[in-house]
Amino acid sequence: MEILIVGSGNMARGIGLRLVHGGRRVRIADRDPDKAADLAAELGENAGGEPLDSPEGADVVVLATPYEGSKEMARRWADDLAGTTVVDICNPVDFDTFDRLVTPAGTSAAEEIAGAASGAKVVKAFNTTFASRLAAPGPLDVFIAGDDEDAKRQIADLCSSAELRPIDVGGLQHAGALEAFQLLHMRVQDQIQGNWSTAITFAL
Ligand SMILES: NC(=O)c1ccc[n+]([C@@H]2O[C@H](COP(=O)([O-])OP(=O)(O)OC[C@H]3O[C@@H](n4cnc5c(N)ncnc54)[C@H](OP(=O)(O)O)[C@@H]3O)[C@@H](O)[C@H]2O)c1
């Protein structure tokens, strides 16, 4: 299975580490090819870096970018993404206030991304797993929402091989609940531990 991760930030690193440790090969694409190459070098011989040119050849594309960037990539690559599994991991949070989601009422980032790349099989996953927890060993729950059963199974298999427990929450209409839930998760971080800490995770 060919996996392309878009972005080379914290989540690209966390997901990349998990997948490589799970025996997968990953492509890292970044608008700055040097950053892609650096992350690929850190992930080891089962990773390669490339410029942000095209998702051609990828069976799974993980958008490890902020909400607006993910929507932009979905729009830009819409034709190439037809039939491809696209993983939306974003939390469309107002990061100035941590008080609201920035998505239009009644929808979700995942549904917006699915609208932008209408032929893609969009799966919401990884939005409740902090990057620091992905980068450290240990089991984590990954909540998955999507309308395409094969695509969800593909992501569930990737999770299972990476010490992650996939939990299918239903169709893409449930992505909004995962996004709203993670907003609360971020808000209560300091109440749980006395300070902001991404070491805490949510598990069933
Ligand atoms: N951090 C977490 O613990 C966590 C947990 C769950 C979900 N998420 C979600 O995961 C996503 C990535 O978060 P992160 O923490 O990994 O962020 P990050 O460390 O800031 O990395 C973001 C990456 O996206 C790239 N990017 C930004 N805007 C872009 C655009 N318009 N087009 C193409 N690439 C763009 C950045 O490239 P440059 O370096 O060139 O700017 C960078 O490689 C976000 O949607 C976030 O809500 C994060």
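Structure's up top.
Residues numbered from 1 in each chain as written. Predicted model: local features only at pLDDT ≥ 70, side-chain atom pairs only at ≥ 80, totals over all residues.

Participant: How would you explain helix H3 (residues 67-76) if you had to name every residue and give the values?
Facilitator: Restricting attention to buried positions, one finds in H3 the residues Tyr67, Ser70, Lys71, Met73 and Ala74. The buried residues of H3 all sit within an arc of 160° when viewed along its axis, so they share a single face. Buried residues along H3 sit in contact with strand S1 (3-6), strand S4 (60-63), strand S5 (85-88) and helix H4 (109-116). (Buried ≥ 20, exposed ≤ 12 C-beta atoms within 10 Å, placed from the backbone. Helix = DSSP H or I, 4+ residues; strand = E, 2+ residues; numbered from the N terminus. Arc of directions from axis to C-beta. Contact = placed C-beta atoms within 7 Å.)

Participant: Give me the lowdown on the nonpolar core, citing residues and values where you can.
Facilitator: Counting 59 residues, the largest nonpolar core has Ile5, Val61, Val62, Val86 and Val87 as its most contacted members. Looking at which element gives the most residues to this core, the answer is helix H1 (residues 10-21), with six residues. Filtering out sequence-adjacent residues up to four positions away, Val87 remains in contact with Val60, Val61, Val62, Leu63, Val123, Ala125, Phe126 and Ile155. (Core = buried A, V, L, I, M, F, W, Y, C linked by C-beta atoms within 7 Å.)

Participant: Can you explain H4? Please cite residues and give values.
Facilitator: Burial runs high along H4: seven of the eight residues are buried. Within H4, the full set of buried residues consists of Ala109, Ala110, Glu111, Glu112, Ile113, Ala114 and Ala116.

Participant: Describe the sheet that holds S1, with residues and values.
Facilitator: Sheet strands pair by backbone hydrogen bonding; their relative direction is either parallel or antiparallel. If you walk across this open sheet you meet the eight strands as S3-S2-S1-S4-S5-S6-S7-S8, and the pairing is mixed. Edge positions in the sheet fall to strand S3 (47-51) and strand S8 (164-170), since each has one partner strand and no second. The average undirected angle you get between the axes of adjacent strands in this sheet is 25°. As defined by bridge partners, S1 adjoins S4 across four bridges and the pair is classed as parallel. In the strand pairing of S4, Leu4 is matched with Val61. Packed onto the sheet, helix H6 (residues 149-160) meets S4, S5, strand S6 (121-124), strand S7 (140-146) and S8 and runs at close to 155° relative to S8. (Pairing = 2+ DSSP bridges. Axes fitted to C-alpha atoms, helices over the stretch in contact; angles between N-to-C directions.)

Participant: Tell me about the site of the ligand, and please be specific about residues and values.
Facilitator: Of all residues adjacent to the ligand, which total 25 residues, the nearest are Gly7, Gly9, Met11, Gly69 and Cys90. For the shell around the ligand, the secondary structure elements donating two or more residues are H1 and H3. A class-by-class count of the residues in the shell around the ligand yields eleven nonpolar, nine polar and five charged. (Near = placed C-beta within 6 Å. Nonpolar A, V, L, I, M, F, W, Y, C, P; charged D, E, K, R; others polar.)

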